[in-house]
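# Tertiary structure, described
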Amino acid sequence: MWAAISKNTLALSKLIIRLDRIRIPLWLIGIVFFTIMVPIAFDDMYSSQKERDVMAETMENPAMTAMVGPGNLENYTIGAMTSHQMLLLTAVIVGLMSILLVTRHTRATEEDGRIEMIRSLPVGRLANVNATLLVLVVINILLALISGLGLYALGIESMDLEGSLLYGATLGATGIVFTGITAIFAQLSESSRGATGFSIAILLIAYLVRAIGDVSNETLSWFSPLGWVSQTEAYSTNNWWPVGLMIGVSIILFILANYLNAIRDLGAGFFPSKPGKKHASIFLKSPIGLALRLQRTGMIAWAIGLFILGISYGSVFGDLESFFEGNDVLEQLLAEKEGYSLTEQFIPMLMIVLSLLATVPPLMAMLKLKGEEGKNRLEHLFARAVSRNKMMGSYLIIAIINGFMMLSLTAIGLFAAANAVMDESFNFGMIYGAAMVYYPAMLVMIGLAVFLIGVLPKVTSFIWAYLTYSFLVLYLGGLFDFPEWVGKLSPFGYIPQLPVEEMQWLPLVILTVIAFVLMIVGMVGYNKRDIDG
Amino acid sequence: MSILKTTNLTKRFGKFTALDGVNIEVNEGEVYGFIGPNGAGKSTTIRVLLGILKATEGTAEIFGKDAWSDAVEIHKRLAYVPGDVNLWPNLTGGEVIDLFVKLRGGNNKNRREELIKKFDLDPTKKCRTYSKGNRQKVALVAAFSSDADLYILDEPTSGLDPLMEQVFQECVIEAKQAGKSVLLSSHILSEVERLCDQVGIIRQGKIIETGSLAEMRHLTRTNLLVETKQPIISIHELKGVHDVVQKDKAISFQVDTEELDTVMKHVTQFGVVKLESAPPTLEDLFMRHYEDNDSDVRRGS
């Protein structure tokens, strides 16, 4: 019986590996690289125990505990610091990897009708789900071993073999738990979006439950698999049992996923699919309405994400002064300015990062136009009475408003959190102004995207390279002492660094003019060029 | 010998009855045409036969085995082509064909090359670049290059051009000559007419007509075109006459087979100059069933 329903599981596993022969290594390399780089950086930045103790003091507040979980602050070695600050967040990323990969090979491929063809071959009913589980377990074990051994290979004193292996194993076990959770939602939900959405919701709820638990009630953290991650205390007490617990739970989840898969029809789910709208709302019946609708969920997610990012940056302001005093590298980053507190000098550096990140969603909103073209979906609209200007204009308006909203939300988030943790709070106008001065630079980026779509559609992704360049030279510029012109190659390099520098209107006006010229040239180009589809 | 047989096959999705007592039988060496409008239950039937959906009631058997519990065994000797072929965008057509052939477990390299040539498919291209027709070709090549005993084809030619449609028909005829059985669901009635020995018409989850094309024609009407010396009068009033249309001097109409004799006697009174008679096309049969929703459900015998 088992032989029949699982036939060809191995062959399908090979297919999954073949399909993702680039995607899987990228995930692994990315996560392992991230895992290994951080302790190297920590070792560099906080080389003495005194510096680390200062860091530990900074970390000792509810906001940080909510973000990264509890840690061994009494004996804050490089190892303890890494597992405190990084393990939970990396585990969340590993969970995300598992969610995306599992959905991709279960519900998504079923939804696209490929499983139907597979199932018409002599392939067992449960072969696909188990092939996916098998591949994911192998990926996570590999991840555990590579990151564990990689950490040990760094040869940092406080990072022994057992702690390193436990660190890796915790990441892998978290990945396996979320593999199981997603495998179940892939059975329950009828769509891949649903399966991904529910699984990510569980991931976020698990994170929030343990955040609340870690701050106020330890028992609550026990209900979250991410709460168990902190309990391993890698490099401190080295508890292995949470890993065992996670594996035990995973086995139950795997069995449940198999059971649900066995009792359902292909294409069916268990959650009732609610019928969609019968008619399009008036709102949807225009290119701009359609464009907005297509990006709605993504925009909301970015808005929430950036707001939370603002809050998390804001929450560190409380202990900032004492923290900076003990750290040479950061002091070097913040060139000393007369008459301003270190905290105030920290603001422009934060604002560059936040404004660059807030530039990502408006650029995505603009490039969506190119994406739709690539998917041959614009032809449906252009075949009707929609002009090029109307089409591009719709996406542009969304991008411009989107950017304004995103930048505002980060600033508001930052202010709200800083206000809550600081004794002497900031003036809201100062924070908001320091963020919004970056808006003209953001407009230039949007304008450049319009220009690329209209005139050089083959190289639109250049905009991401340019944004990354801006990030590298402006964020790390102070550290590496780049010559000034390197920063001036980015529109963000012309922005006055409020509140430390004087406000200058001229560069802002010039940037805005450049942005509009780029937009107009792009529009003209878009009217002249061929549309791919 | 019966290769595929469903008995009182019923499938419910919640309260909705998709299949309501479907009986189909495909014998060895036979091509069975399965026709019906969209949403009638053709694909649902096929998915039950593939063991992808579980029947609520009734049985579905292929090669004398249960379609659900022995799916894997059955599929070793079965090839399927869906109407809507979705493939992995980052694999080439050739890779997909090999994958499908390998999963079934059989290997016929020559046949594969021959079919790729016949269908004029470029197997080195990634699936994301294929048009609907080309994706269908991939599935067809994978299906026909395997040594199956039963082919289940669900609207396999909806994206093919007429030339490729011809190639497809050749493949089906070859399979039939080799003693293989085919279940062909199709909207292209001329294709069904040309290829199929048996036809089943499904509507709202019920088989409303089944039998050989000859049998089904016998039950229905003959198309007549008559030109007479004097104009034919009161043809409308005769029993069993339908769709009377005046065409210049001639008149065309349909006659129920059982009334043919009476009608012919009436017509000859007016001095027949020209007489053309044609059996009803499948399209006529099909349209008749779907146009008058209230008409009695006929059963082929």
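Being a predicted model, the structure only gives us computed values, none of them experimental.

## Here we look at the packing of aromatic side chains
Taken as a whole, this structure holds 16 aromatic pairs over all chains when the rule is applied. Measuring from ring centre to ring centre gives 5.9 Å for Phe-42 of chain A and Tyr-46 of chain A, while their planes differ by 65 degrees; the resulting arrangement is edge-to-face. Across this residue pair, the class does not change: Phe-42 of chain A and Tyr-46 of chain A are buried. With a centroid separation of 5.5 Å and an interplanar angle of 20 degrees, the aromatic rings of Phe-428 of chain A and Tyr-432 of chain A are classed as stacked. Of the two residues, Phe-428 of chain A and Tyr-432 of chain A both sit in helix H22 (residues 428-436), four residues apart, roughly one turn of that helix. Owing to a relative accessible area of 33%, Phe-428 of chain A belongs among the partly exposed residues under this scheme. What links up through ring pairs into an aromatic cluster is the set Phe-185, Phe-198 and Phe-271 of chain A. Here the guanidinium or amino end of Arg-125 of chain A rests over the ring plane of Trp-68 of chain B, the centre of that ring lying 3.5 Å away. Taking NZ or CZ as reference, Arg-77 of chain B lies 3.9 Å from the ring centre of Phe-63 of chain B, over its face.

## Some remarks on a negative patch on the surface
The grouping of Asp-53, Glu-57, Glu-60 and Glu-74 of chain A at the surface amounts to a negative patch. Structurally, Asp-53 of chain A is set in helix H4 (residues 49-59).

## What to know about the domain arrangement of chain A
Parsing chain A into structural domains produces domain 1 (7-263) and domain 2 (286-528). The straight-line distance from the C-alpha centre of domain 1 of chain A to that of domain 2 of chain A is 31 Å.

## Observations regarding the confidence of the model for chain B
In low-pLDDT regions, the fine details of the predicted coordinates are not to be read closely. Of the residues in chain B, 95% have a pLDDT of 70 or more, and the chain-wide mean is 86. For the stretch residues 294-301 of chain B, pLDDT sits under 50, and the model shows 11 contacts to residues farther than four places along the chain or on other chains.

## Observations concerning the sheet that holds strand E7 (residues 150-154) of chain B
Residues and elements named next belong to chain B. A sheet is described by the order of its strands in space; here six strands give the open sequence E6-E7-E8-E3-E9-E10, paired in mixed fashion. One side of each edge strand has no neighbouring strand; the edge strands of this open sheet are strand E6 (78-81) and strand E10 (206-212). Neighbouring strand axes in the sheet, compared pairwise and without regard to direction, differ in orientation by 15 degrees on average. Sheet contacts for helix H6 (residues 162-177): strand E3 (31-35), E7 and strand E8 (181-185); angle to E7, the most-contacted strand, approximately 155 degrees.

## A short note on helix H19 (residues 342-374) of chain A
Residues and elements named next belong to chain A. Taking 1.5 Å of rise per residue, the 33 residues of H19 would be expected to cover 48 Å, and the 48 Å separating its terminal C-alpha atoms lies within 8% of that figure. A bend of about 35 degrees at Leu-367 is the largest found in H19. Counting buried positions along H19 yields 26 of 33 residues, so the element is predominantly enclosed. Positive backbone phi, approximately 60 degrees, marks Asn-376, located one or two places after H19.

## Here we look at the side chain of Ser-98 of chain A
Tracing the chain through its elements places Ser-98 of chain A in helix H7 (residues 87-105). Those residues in contact with Ser-98 of chain A that sit more than four places away from it in its chain are Leu-136, Asn-140, Gly-175, Phe-178 and Thr-179 of chain A.

What counts and how
Residues numbered from 1 in each chain as written. Chains lettered and ligands numbered in written order. Predicted model: local features only at pLDDT ≥ 70, side-chain atom pairs only at ≥ 80, totals over all residues. Heavy atoms only, no water. Phe/Tyr/Trp six-rings, centres within 6.5 Å; stacked < 30°, edge-to-face > 60°. Buried < 20%, exposed > 50% of the residue type's maximum accessible area, 1.4 Å probe, protein only. Helix = DSSP H or I, 4+ residues; strand = E, 2+ residues; numbered from the N terminus. Lys NZ or Arg CZ within 6 Å of the ring centre and 35° of its normal. Patch = residues over 30% accessible without salt bridge, like charges linked within 9 Å, V, L, I, M, F, W, Y side chains within 5 Å. Areas by Shrake-Rupley, 256 points an atom, 1.4 Å probe, with all protein chains shown as cover. Salt bridge = Lys/Arg side-chain N within 4 Å of Asp/Glu carboxyl O. Lys, Arg positive; Asp, Glu negative; His and termini not counted. Charge placed at Lys NZ, Arg CZ, Asp CG, Glu CD. Domains from an automatic or database assignment. pLDDT = per-residue confidence, 0-100. Contact = heavy atoms within 4.5 Å. Pairing = 2+ DSSP bridges. Axes fitted to C-alpha atoms, helices over the stretch in contact; angles between N-to-C directions. Expected span 1.5 Å × (residues − 1). Bend = angle between axes of the 7 residues up to and from the residue.

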